[in-house]
Structures are given as structure tokens and as C-alpha cells.
Amino acid sequence: MHALQLDGRAPMRTIGRVLGVSENTAARRYQRLRTAGVLRVTGAVSGGEAGYTTWTLRLRTTPDAGAAVADALADRPDVSWVHLLSGGTEISCTVHAPDTTGRDDLLLHKLPRASRVTAVSAHELLHTFALPDGWRGVRCLSPGQVEQLRPPPPRGSLPPAPEDQPLPDALAHDGRASYTALARATGWSDSAVRRRMDVLRRHGTLTYHLDVSPAGLGFRSETRLWLTVSPAHLAEAGEALASHPETSFAVATTGTTNLTAMVNCRDGGDLYRYLTGRVAGIRGVQTLESAPVIRTVKRAGTPLRRPAGRP
């Protein structure tokens, strides 16, 4: 997992060599974890390169509507990280708005007119302290191993072209799909796919993310936090929160709660100790709200399959 977190497209031959196992062993372990729904690799266009603004939304719905509204949001290509929270009447999600028109359509028209959505609050992301694909909870490799796997830093800048869109759409399903599979999905040749992926990645336009299920690793208490922090301590508080291995997401936002986070703990007792210990010790924190994740509908890629037998 740590190897794939560093480079989601790293060849299994390279991963096996760095980890001291055979290529076949590395491939089997990856396939086993992917089939079990513990992880997958997804590809996406970098929001910064595409000029997107990012918002985190918090919605409340009527008791009968939470799952349906969450599923509808997850079906939108501009929405990711959709979580059903608390008793199933609250939803959090992230919106990547390429322009004000798409943002306003969702925030000012579609959601307010949805009769079963009772409240919406939208917070623009101002600064990122931690992102899910860099979660410290899976880090275990030595500095030397990390150095062998980390891809070179991006060179220059290259905004995506409209004709590139079929490629990230296909990679959202499977970031490790073969060039042949991507060629079928895009209608391009294998060589064209390979060349364009190389160019976009070299410029930091195309990025790969390790999409991990914390519950699949034994972290059964996944919890969303909203904190109000005094402005003088906001940067310090965000950096402190991001340094915790429990934290998979931490950003400064607009709004009355100006620091939002997602944390992964083993159980409720572990969460209690974490909140009353390390979080309580962060300077400048004035208020704290928390809501447990009931179901994750979508993470970085396409919507997740609902577990068999679940409503």
C-alpha cells in the first residue's frame, strides 16, 4: 500500500524488487486487496492544473432521503468523497468546480430545490494540510525504499486539453488499467495512450491516488471533524492535525468552522482518547463537531459498489 501511495502506476516488477518479493507475489497481493475492496488506484486530472476551485459541502436531509441524495451526488463527475454521516441524515462531499456556472448550478439551484434537502453549507477550501492519498496510516517503508519508488517531480505546467477527458474518465475506474484497456476505452491507439499519459504525468496534470478503505484495515471508526480555530493559530492547528497518523484529510476552509478533517480510529474508545488527548491539546481550537461515517458512497474515483445484502 505504501508503495502504491508513492506511485500508483509503479510496475509490479519494481514494487516487488523494492519490497524483496517476486513480481508475481506483489501482483497477487494487490489483486487480492483490490478484489476485497480494501484498495484501488485511480487516476485524475490535477484540480490545480485544471484551474478548479474546490468546496466541501455539508448537507442535511429528511430521514428517508439521505442514501438517495448521496447516491445522486456520487453520480456527478464534479463530486467526490461522498460520505453518509451520523444517523443517515447528513452528507459530506467535495465539489470540484471548473467554473462558477457549474458551482452555482449545484449550490444555488439544484440542491436548494431538492425538497428532501433541509440544509446546505458550502465551504471553499483555502489551504490543504493533508489529503487521503497521503494518509500516514499506511506508511511503513524505509527512506531508501521510498526514494526508489517516488516518481520524479513534475516539470513545468500543462493544462489538460478537452480531447484528453476520455483518459481520466477511464482511469477513474482503474488507475492501473493496461494501455490496451485504456486504448479500448478512449478509442486511441496503445502508443497514443502511452505517450499522452507520459506527457500529462510529467507535467503534473495527471495524478494517481491510492484509494483505501480504512475499515478494511481495521479502522472501523471513520469520523468527520469540523473545528473552529482562532485565525492566529489556524496554520499551526492544521499542521498539527495533519501530523497525526489518524488524520487522512485536513483543510482550512471558509465559514464559521474553518478547519475540516477526516480521522480514522480503531473504534469508539480509540476515537475518544484521540479527541480528548491530542486534538484537545492543539492550541487555538475553540469548538469541535464530529460525525461518524455510516457509509462511504464515493472516494476519489467512480462510485463504490454497495456491499451485497446492504440496503
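Small disclaimer: the values here were computed from a predicted structure and weren't measured.

**Focus on the overall build of the protein**
Part 1: Broken down by element type, the protein carries 12 helices and 10 strands.
Part 2: For the C-alpha atoms alone, the extent of the protein along its principal axes is close to 50 × 45 × 45 Å.
Part 3: Evaluated residue by residue, the protein yields a buried proportion of 45% over its 311 residues.
Part 4: In the protein, 77% of the contacts between residues at least 6 apart in sequence involve partners at least 24 apart.

**A short note on the nonpolar core**
Part 1: Ile-15, Leu-149, Leu-167, Leu-171, Leu-182 and Met-197 are the most contacted members of the largest nonpolar core, which has 30 residues in total.
Part 2: Tallying contributions element by element places strand S6 (residues 206–212) first for this core, with four residues.
Part 3: Residues within four places of Leu-167 in sequence aside, it is in contact with Leu-182, Thr-186, Trp-188, Val-193, Arg-196, Met-197 and Leu-200.

**Structural notes on unusual backbone geometry**
Part 1: Positive phi, normally seen in glycine, also occurs at Trp-81, with a value near 50 degrees.
Part 2: A positive phi is found at Ser-86, a non-glycine position, where the angle reads about 50 degrees.
Part 3: Tracing the chain through its elements places Ser-86 in the loop between strand S3 (79–85) and strand S4 (90–97).
Part 4: Taking the relative accessible area as the measure of exposure, Ser-86 reaches 26% and is therefore partly exposed.

**Topic: the pattern of salt bridges**
Part 1: If you walk through the whole model with that rule in mind, you get 14 salt bridges.
Part 2: The shortest N-O distance in the salt bridge between Asp-211 and Arg-40 comes to 3.2 Å. Taken together, the positions of Asp-211 in strand S6 and Arg-40 in strand S1 (residues 39–45) put the pair 171 residues apart, joining distant regions of the chain.
Part 3: Residue Arg-40 is classed as buried on the basis of its relative accessible area, which comes to 11%.

**Regarding the packing of helix H2 (residues 12–19) against helix H3 (residues 23–35)**
Part 1: Two numbers describe how H2 lies on H3: the axes approach to 8 Å, and their chain directions differ by 105 degrees. Here H3 runs roughly perpendicular to H2, going by the angle between their axes. Between H2 and H3, the residues in contact are Met-12, Arg-13, Ile-15 and Gly-16 and Glu-23, Ala-26, Ala-27 and Tyr-30, respectively.

**Some points on the sheet that holds S4**
Part 1: Strand order in the closed barrel made by the eight strands is S2-S4-S3-S10-S7-S9-S8-S5, with antiparallel pairing throughout. Strand after strand, the sheet turns through a mean of 35 degrees between neighbouring axes, direction not considered.
Part 2: In this structure, strand S7 (residues 221–229) lies alongside strand S10 (residues 285–298), joined through seven bridges in antiparallel fashion. Bridging from a neighbouring strand, Thr-228 pairs with Thr-287 of S10.
Part 3: Along the sheet, helix H11 (residues 234–242) contacts strand S5 (117–130), S7, strand S8 (247–253) and strand S9 (259–265); its crossing angle with S5, the most-contacted strand, is approximately 85 degrees.

**Observations regarding the packing of aromatic side chains**
Part 1: The tally for this structure, following the rule as stated, stands at one aromatic pair.
Part 2: Ring geometry for Trp-135 versus Phe-219: centroids 5.3 Å apart, planes at 75 degrees, classification edge-to-face. Here Trp-135 is found in the loop between S5 and helix H7 (143–149), whereas its partner Phe-219 is found in the loop between S6 and S7, with 84 residues between them in sequence. Grouping residues by exposure puts Trp-135 and Phe-219 together as buried.
Part 3: Just above the ring of Trp-226 sits the side chain of Arg-58; from NZ or CZ to the centre is 3.6 Å.
Part 4: One cation-aromatic arrangement involves Arg-266 over Phe-219; the distance from NZ or CZ to the ring centre is 4.0 Å.

**Quick notes on helix H9 (residues 179–186)**
Part 1: Those residues of H9 lying buried are Leu-182, Ala-183 and Thr-186. On an axial view of H9, the arc spanned by its buried residues comes to 105 degrees, and they lie on one face. Residues of H9 that are exposed and angled more than 90 degrees away from the buried face: Arg-184 and Ala-185.
Part 2: Taken together, the buried residues of H9 touch helix H8 (166–171) and helix H10 (190–202).
Part 3: Backbone geometry just downstream of H9 places Gly-187 in the positive-phi region, at approximately 80 degrees.

Definitions and cut-offs
Residues numbered from 1 in each chain as written. Predicted model: local features only at pLDDT ≥ 70, side-chain atom pairs only at ≥ 80, totals over all residues. Heavy atoms only, no water. Helix = DSSP H or I, 4+ residues; strand = E, 2+ residues; numbered from the N terminus. Buried < 20%, exposed > 50% of the residue type's maximum accessible area, 1.4 Å probe, protein only. Contact = heavy atoms within 4.5 Å. Core = buried A, V, L, I, M, F, W, Y, C linked by side-chain atoms within 4.5 Å. Salt bridge = Lys/Arg side-chain N within 4 Å of Asp/Glu carboxyl O. Axes fitted to C-alpha atoms, helices over the stretch in contact; angles between N-to-C directions. Parallel < 35°, antiparallel > 145°, perpendicular 65-115°, else oblique. Pairing = 2+ DSSP bridges. Phe/Tyr/Trp six-rings, centres within 6.5 Å; stacked < 30°, edge-to-face > 60°. Lys NZ or Arg CZ within 6 Å of the ring centre and 35° of its normal. Arc of directions from axis to C-beta.

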